[in-house]
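So the chains spell out like this:
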Amino acid sequence: MTTIDLPATATALFAGGKGLLAMDESNPTCNRRFAAVGIAQTEGARRAYREMIVTTPGLGECISGAILYDETIRQHTADGTPFAQALADAGVVPGIKVDLGKTDLAGHPGEHVTEGLDGLRDRLAEYQQMGARFAKWRAVFDIGESTPSPACTDVNASALARYASLCQEAGLVPVVEPEVLMAGEHTLARCAEVTEEVLRDVFAELVSQHVQLEALVLKPNMVLPGATCPLQDSLDDVADATLACFLRAVPAAVPAVAFLSGGQSAELASARLNALNQRALKGPPWALAFSFARAIQQPALEIWAGDDSNVKAAQEALYHRAKCNQAARRGAYSPDMEDARS
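First, a word on scope: everything that follows refers to the structure included in this document. (Residues numbered from 1 in each chain as written. Predicted model: local features only at pLDDT ≥ 70, side-chain atom pairs only at ≥ 80, totals over all residues. Heavy atoms only, no water.)

1. Here we look at unusual backbone geometry
The omega torsion of the bond from Thr-147 to Pro-148 falls at 5 degrees, within 30 degrees of zero and hence cis. Mapping Pro-148 onto the fold places it in the loop between β6 (134-141) and α7 (150-169). Of note in this structure, His-210 is not a glycine but carries a positive phi near 60 degrees. Among the secondary structure elements, His-210 is positioned in the loop between α8 (188-208) and β8 (217-218). Overall, His-210 belongs to the exposed group, its relative accessible area being 71%. (Helix = DSSP H or I, 4+ residues; strand = E, 2+ residues; numbered from the N terminus. Buried < 20%, exposed > 50% of the residue type's maximum accessible area, 1.4 Å probe, protein only.)

This is the structure in structure tokens:
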């Protein structure tokens, strides 16, 4: 694969009203979620859970790509098929998380920088050989009275751009994830202000480091009030604020914006994505898609609970959430879809 192929790959990831399934939780994160529902925190349990996901019947109807973790891309189904191959056989493009997580940003208490650039060129080449066709790197930004600081924004934007450039060199589409976190009491307006600042810095760095914008995917937060803000704005207000922010900060060359769920409930994430796409009929330049983790997986995880006898019911729940988000991409999601299933 060369960079000539990458814009087509980036665009194809979001054809047919589909989106991405993020199943790239690190082992510690996955173990915490298992512990919360009483599942053993073992490699075997993680493998069984991921097999339940990748073998969900009909997954490729509404999911175009799945983001894997280093452990996951090395795992196999019970019949010995690598997960990356099982996904590809189902019509789902395999991807891979390549950052190594956040660490404290020296000199800036309470802020973080994402690590993983050392040795990245070699790791990308290995993942490409294992079947990955796109990659993901996440940077996080907390909203506080004086955060994120310019230093935090700058260092993370630079790392995102270096990662993206290395991905394109390796023949992988980079998914660029600058996440302004929901935690806090900040207002919708404050989130919009910070999100715009972060996006402007990120794209300035991407351009500076010669990243081909047509060959990347942006995975950002929606513009939302903080989780503990007393005023939780309406679906329409969230959609309007998000689109206004992104129209000011995201270049038209970017083929797709695949929103993260960021801790929203499954139903609320679908409803907000739906409201965004209803406004998309007015013509934003990029596809408005999803790259959800818990907002697709959590109901299935709770049903599965580590019991093989629950696999079919869990897969049905996973498929349902994926179908709801495919409908939301088309502006056709309704709470009636939830009522009909129950």
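2. Brief notes about empty space enclosed by the protein
In total, this model carries 2 cavities of 30 Å³ or more according to the counting rule given. Every residue lining the largest cavity is listed: Glu-25, Cys-30, Arg-33, Phe-34, Tyr-49, Arg-294, Gln-297, Gln-298 and Leu-301. Looking at the lining of the largest cavity, the elements with two or more residues in it are α2 (27-36) and α11 (294-304). At 4 residues, the largest contribution of residues to the lining of the largest cavity is made by α11. Its residues assigned to classes, the lining of the largest cavity shows 4 nonpolar, 2 polar and 3 charged. Considered as a void within the structure, the second largest cavity measures approximately 40 Å³ in volume. Forming the boundary of the second largest cavity are Glu-179, Val-180, Met-182, Asn-221, Met-222, Leu-224, Leu-260, Ser-261, Gly-262 and Gln-264. (1 Å grid on protein atoms, 1.4 Å probe; cavity = no way out; pocket = protein on both sides within 12 Å on 5 of 7 lines; lining within 4 Å. Points joined across faces, edges and corners; volume = space filled by probe spheres on them. Nonpolar A, V, L, I, M, F, W, Y, C, P; charged D, E, K, R; others polar.)

3. A short note on the packing of aromatic side chains
What characterises a pair of aromatic rings is the spacing of the ring centres plus the angle enclosed by the ring planes. Evaluated as defined, the whole model comprises 6 aromatic pairs. Three or more aromatic residues joined by ring pairs make a cluster, and in this case those are Phe-34, Tyr-49 and Trp-304. (Phe/Tyr/Trp six-rings, centres within 6.5 Å; stacked < 30°, edge-to-face > 60°.)

4. Some points on helix α6 (residues 120-129)
Of all the residues in α6, the buried ones are Leu-120, Arg-123, Leu-124, Tyr-127 and Gln-128. Down the axis of α6, the smallest arc covering the buried residues is 135 degrees, so these residues share one side. With respect to the buried face of α6, the exposed residues turned more than 90 degrees away are Asp-122 and Gln-129. On its buried side, α6 packs onto α4 (70-73), β3 (93-97), β6 and α7. Residue Gly-131 follows α6 closely and has a positive phi angle near 115 degrees. (Arc of directions from axis to C-beta. Contact = heavy atoms within 4.5 Å.)

5. As for the nonpolar core
Formed by 111 residues in total, the largest nonpolar core has its most connected members in Val-98, Tyr-163, Leu-206, Phe-246 and Val-250. Ignoring any residue separated from it by four or fewer positions in sequence, one finds Val-250 in contact with Leu-199, Phe-203, Leu-218, Val-257 and Trp-286. (Core = buried A, V, L, I, M, F, W, Y, C linked by side-chain atoms within 4.5 Å.)

6. Quick look at the packing of helix α3 (residues 43-54) against α11
Helix-helix packing is characterised by the crossing angle of the two axes and by the distance between the axes. It is at 11 Å that the axes of α3 and α11 come closest, and there the two elements cross at 120 degrees. By the angle between their directions, the pair α3 and α11 is classed as oblique. Seen from above, α3 lies across α11 with right-handed handedness. Of the residues in α11, those touching α3 at Ala-45, Ala-48, Tyr-49, Met-52 and Ile-53 are Gln-297, Ala-300, Leu-301 and Trp-304. When grouped by side-chain class, the residues that make up the contact of α3 with α11 number 8 nonpolar, 1 polar and no charged. (Axes fitted to C-alpha atoms, helices over the stretch in contact; angles between N-to-C directions. Parallel < 35°, antiparallel > 145°, perpendicular 65-115°, else oblique. Left-handed = near helix turned anticlockwise from the far one by under 90°.)

7. Section: the side chain of Glu-71
Structurally, Glu-71 is set in helix α4. Classification of Glu-71 as buried rests on a relative accessible area of 15%. Beyond its immediate chain neighbours, meaning those up to four positions away, Glu-71 contacts Asn-27, Glu-43, Arg-46 and Arg-50.

8. As for the layout of surface pockets
Taken as a whole, the largest pocket holds about 820 Å³ of empty space. As for the largest pocket, its lining consists of 30 residues, of which Thr-29, Arg-33, Arg-138, Glu-179 and Arg-294 are closest to the centre. Of all the secondary structure elements, the ones that give two or more residues to the lining of the largest pocket are α2, β6, β7 (173-180) and β10 (287-292).

9. Things to note about the environment of Gln-264
Relative to the assigned elements, Gln-264 resides in the loop between β9 (256-259) and α10 (266-280). Residue classification places Gln-264 among the buried positions, given a relative accessible area of 6%. Taking the C-alpha atoms as reference, Gln-264 lies 6.9 Å from Ala-295; in sequence the two are 31 residues apart. A distance of 2.9 Å separates a polar side-chain atom of Gln-264 from the backbone oxygen of Ser-261. Separated by 2.9 Å, the side chains of Gln-264 and Arg-272 make a polar contact. (Polar contact = N/O pair within 3.5 Å; in protein donor to acceptor, adjacent residues only side chain to side chain.)

10. Considering the side chain of Ser-64
By secondary structure assignment, the location of Ser-64 is in strand β2 (residues 63-68). Looking at Ser-64, the relative accessible area reads 5%, which means it is buried. Residues within four places of Ser-64 in sequence aside, it is in contact with Leu-13, Phe-14, Lys-18, Gly-19, Leu-20, Gly-91, Val-92 and Val-93.

11. What to know about the packing of α10 against helix α12 (residues 311-329)
Axis separation between α10 and α12 bottoms out at 7 Å; the angle between their running directions is 20 degrees. With respect to α12, the element α10 is oriented roughly parallel. Contacts between α10 and α12 involve Ala-266, Glu-267, Ser-270, Leu-273, Asn-274 and Asn-277 from the first element and Arg-321, Cys-324, Asn-325, Ala-327, Ala-328 and Arg-329 from the second. Here the contact of α10 with α12 is built from residues that sort into 5 nonpolar, 4 polar and 3 charged.

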